[in-house]
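Now for the letters of each chain:
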Amino acid sequence: MNVYRSKTKFISRIITIILMWQLLLPDLALAFSSPFNSALAAQSKFEPMVDIVEDAGRFVISEDEETALKVRKVFRKDAETQYFNLLKEKAKKIGLSQNGLKRLISEHLASVLAEGETDRRRIALTGLTGEIGSSFARYLFKRGYSLDALVREESVDKLGNMFDPADINKIKIENADLFSVGQLRAMISNCDVFYHFAGVVGRDRVKNKEEQAEALAANGFLVGVADEMIKDLKREPAVRFIYPSSYVVEGISARGDVQEWIRFAVEEFDRSIKIKKLNGNVRGGLINFSGKLLTQKPMPKGVNAYTLSKLLGETFALRMKNSVNVRLGSAYGPGCHVHNRIYGLISNRLKNGKKEYLGEALDCVYIDDVIEILAKLARASDPPKEFNLVTGKLTPLKDIISQIEEMTPQCSGSFVSTGSRQEKPVLDNAIGKRLLERDFTPLQVGLPLTVGYYVNKDKPQEVDILKEKDWGQTFIDTTLMRAYEAKKLNQNIIAGLETSMIPEEQVPYVQGLLTELTRLSKEKGLDNILIRQKKGPGLATMIRNLADKTGTPDSNIIFLGDHNVLAKRAFDHFRKGADPEKWAFFAAVELPKNLPSNNYMRILEMLTKAINLWAGKGKPEDTKYLRITQEGKKFYKFIVPESEPMEYNLLEEIYKGQLRTLKST
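From a predicted model like this one, the values you see are computed outputs, not experimental measurements.

1. Remarks on the nonpolar core
Link 1 in the chain: Ranked by size, the top nonpolar core spans 51 residues in total, and within it F194, F221 and L286 carry the most contacts.
Link 2 in the chain: Secondary-structure elements contributing two or more residues to this core are α9 (181-190), α10 (209-232), β5 (240-246), α11 (256-272), α12 (283-296) and α13 (305-318).
Link 3 in the chain: Looking at this core element by element, the count peaks at eleven residues for α10.
Link 4 in the chain: Judged by nonpolar contacts, the second largest core, of 38 residues, contains I242, V324, C336 and A375.

This is the structure:
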């Protein structure tokens, strides 16, 4: 096999790239109102060049991976220099620093060339719907990977809001709780790399004894179960176990009383837990074990249970022959908002609130750097056993606040210092930097991108079709009223959505609407609204089982789905009996033939009208976008007329707007 293309062709490609860059970038120097908008706009201007760089990046076709990597690094270094020289003057005009420009160039070239640097190892993970887990998954999806993931049943609906439909198909979902031994065993049996992202997150969440026991079980002893399972399956050292820990562990790991407590906990685990006897869900067992342990040997004074649980998990991971403990610094960036210090500051500023803070310093690691390093650990030939994923630079909280205030002059959220915490030590960043193969993203670049993300995320956007606010108001009011009436009778209401009538592109947005309804109803204390989705007549069995399990009468059930499906015999038992008032309600949608996938379906309008008819409010009146006929008692046909397809971006904005409508009502 000829492993290289001709040198002449390579040079011609480089020249072509340079010429194309010059053609593509004349409009980069636009005026923007703030530093974060400048950075975001500059980043978006690089998108059209991905295909060009991608084509050039594949000039090496080699079975010799080591040689191919060396050649790619030479190409990347040359391309980064050429790229920077072309853009530096234009970047200067819009206020983008040289470091910021280098960061964006490096990021795009890295994402393009990384495809040739990866292998196809089988990857399994827990915590797919968490912040780092979901960001990590999206990074891998872009590079063609599929994943085996453990996802709780109540979290499955989140996937439609977090990932593109095409990417969801790349996930083999083990539908089970984190503590389900059978699914863990199956994942470990079939993977090459296992990431344990799931667990209890944040020191502030671990206060009482029950929460302490849960943290020790999820973050600590469950790693011990994985260790024993890998050994029992004889998968050492084939499985690489990667455990994201926290750099707060550094503050307690050297204490003698802490080391003594960890020794005692590990010995008790080894004496009490027999892996071959574990089956089913071990959540209760491990939490009870942790609670008894805390009674036998209380935690060392001044030690937080979250920090201790992470050190316990590290200890079990170190017993594996092929494991890596990654002590993360303060990760921040777009999408990082659960118990995140920097997001808390940004949110307070944008909401014009008042927040107290302690005068401490953080080692802030941009989320893209975290994800890139974690991904590289999967294929590293000689990975470190443990290291600190930190930048090596502490930034005082007051300086971070000052930068946020400068970037958001239109906001008035204020901050009050209430003292200071003990200073954290500056940690060595050498291993992380070596894995990253570049400098860490400086806060001066990452923070504007993060602030810009949240400013734009919360900015209201106008779409003409969304001005009909009555749909959202009526839908929420009628649904919650029906739920309230059922609550007084100690009953549930069940909504079954048959999804074959929904174009694939719109499935995640519909899931988002229904998830928001569930959240809003629970906020109002109405936890009796049960929503289930399934494609095809199998929905009938799912709803029948749910109704029998919860004691829900058929009159409290509503179906919305494709007419051809809902008319099938599988649903007949929901519309039988002498009293039609006790039947389930059907809203059957009839679509035009050859409906384009990007045809806009007014889901919120159909749901609203179906809820109204079900509740006996209003008549089946036609609208511009919908015709309604009655085919039987409590069986209505919703006819969607022919309409023009829409651009995908507009579809996305319409559904985002509908989510905002639900939230505002």
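2. Some points on the side chain of T395
Link 1 in the chain: In this fold, T395 is placed in strand β12 (residues 395-396).
Link 2 in the chain: Ignoring anything within four residues of it in the chain, the contact list for T395 reads E360, A361, L362, I400 and L443.

3. Some details on the sheet that holds strand β16 (residues 557-562)
Think of a sheet as strands paired side by side through backbone hydrogen bonds, with each pair either parallel or antiparallel.
Link 1 in the chain: Taken in spatial order, the six strands of this open sheet run β15-β14-β16-β17-β19-β18, and their pairing is mixed. Both edges of this open sheet fall to β15 (529-534) and β18 (627-632), since each of them pairs with a single strand only. The mean angle between the axes of side-by-side strands here comes to 20 degrees, regardless of whether they run parallel or antiparallel.
Link 2 in the chain: Summarising the sheet, β18 and strand β19 (residues 635-639) pair through five bridges and their orientation is antiparallel. The partner of T629 across the bridge, within β19, is K637.
Link 3 in the chain: The sheet strands contacting helix α21 (residues 538-550) are β14 (493-498), β15 and β16, and the helix crosses β15 at an angle near 155 degrees.

4. Observations regarding the packing of α9 against α10
Link 1 in the chain: Across the interface, α9 lies against α10 with an axial gap of 10 Å and an inter-helix angle of 50 degrees. In terms of axis orientation, α9 runs oblique to α10. Crossing hand, α9 versus α10: right-handed. Between α9 and α10, the residues in contact are V181, L184, R185 and I188 and L222, A226, M229, I230 and D232, respectively.

5. Observations concerning unusual backbone geometry
Link 1 in the chain: In this structure, P237 follows E236 across a cis peptide bond, with omega equal to -5 degrees.
Link 2 in the chain: By the element assignment, P237 lies in the loop between α10 and β5.
Link 3 in the chain: Positive phi, close to 55 degrees, is recorded for K234, a residue that is not glycine.
Link 4 in the chain: Along the chain, K234 falls in the loop between α10 and β5.
Link 5 in the chain: The exposed category is assigned to K234, whose relative accessible area is 73%.
Link 6 in the chain: Even without being a glycine, K634 presents a positive backbone phi close to 65 degrees.
Link 7 in the chain: Relative to the helices and strands, K634 is located in the loop between β18 and β19.

6. Considerations on the sheet that holds strand β2 (residues 147-151)
Link 1 in the chain: The strand order across the open sheet formed by seven strands is β3-β2-β1-β4-β5-β6-β11, and the pairing between neighbours is parallel. Edge positions in the sheet fall to β3 (171-175) and β11 (386-389), since each of these pairs with one other strand and no more. Adjacent strand axes in the sheet meet at a mean angle of 20 degrees when their direction is disregarded.
Link 2 in the chain: On top of the sheet, α13 reaches β5, β6 (323-328) and β11; it is set at about 160 degrees to β5, its chief contact.

What counts and what doesn't
Residues numbered from 1 in each chain as written. Predicted model: local features only at pLDDT ≥ 70, side-chain atom pairs only at ≥ 80, totals over all residues. Heavy atoms only, no water. Core = buried A, V, L, I, M, F, W, Y, C linked by side-chain atoms within 4.5 Å. Buried < 20%, exposed > 50% of the residue type's maximum accessible area, 1.4 Å probe, protein only. Helix = DSSP H or I, 4+ residues; strand = E, 2+ residues; numbered from the N terminus. Contact = heavy atoms within 4.5 Å. Pairing = 2+ DSSP bridges. Axes fitted to C-alpha atoms, helices over the stretch in contact; angles between N-to-C directions. Parallel < 35°, antiparallel > 145°, perpendicular 65-115°, else oblique. Left-handed = near helix turned anticlockwise from the far one by under 90°.

Honestly, that's just the spatial picture; any functional story needs more than this.
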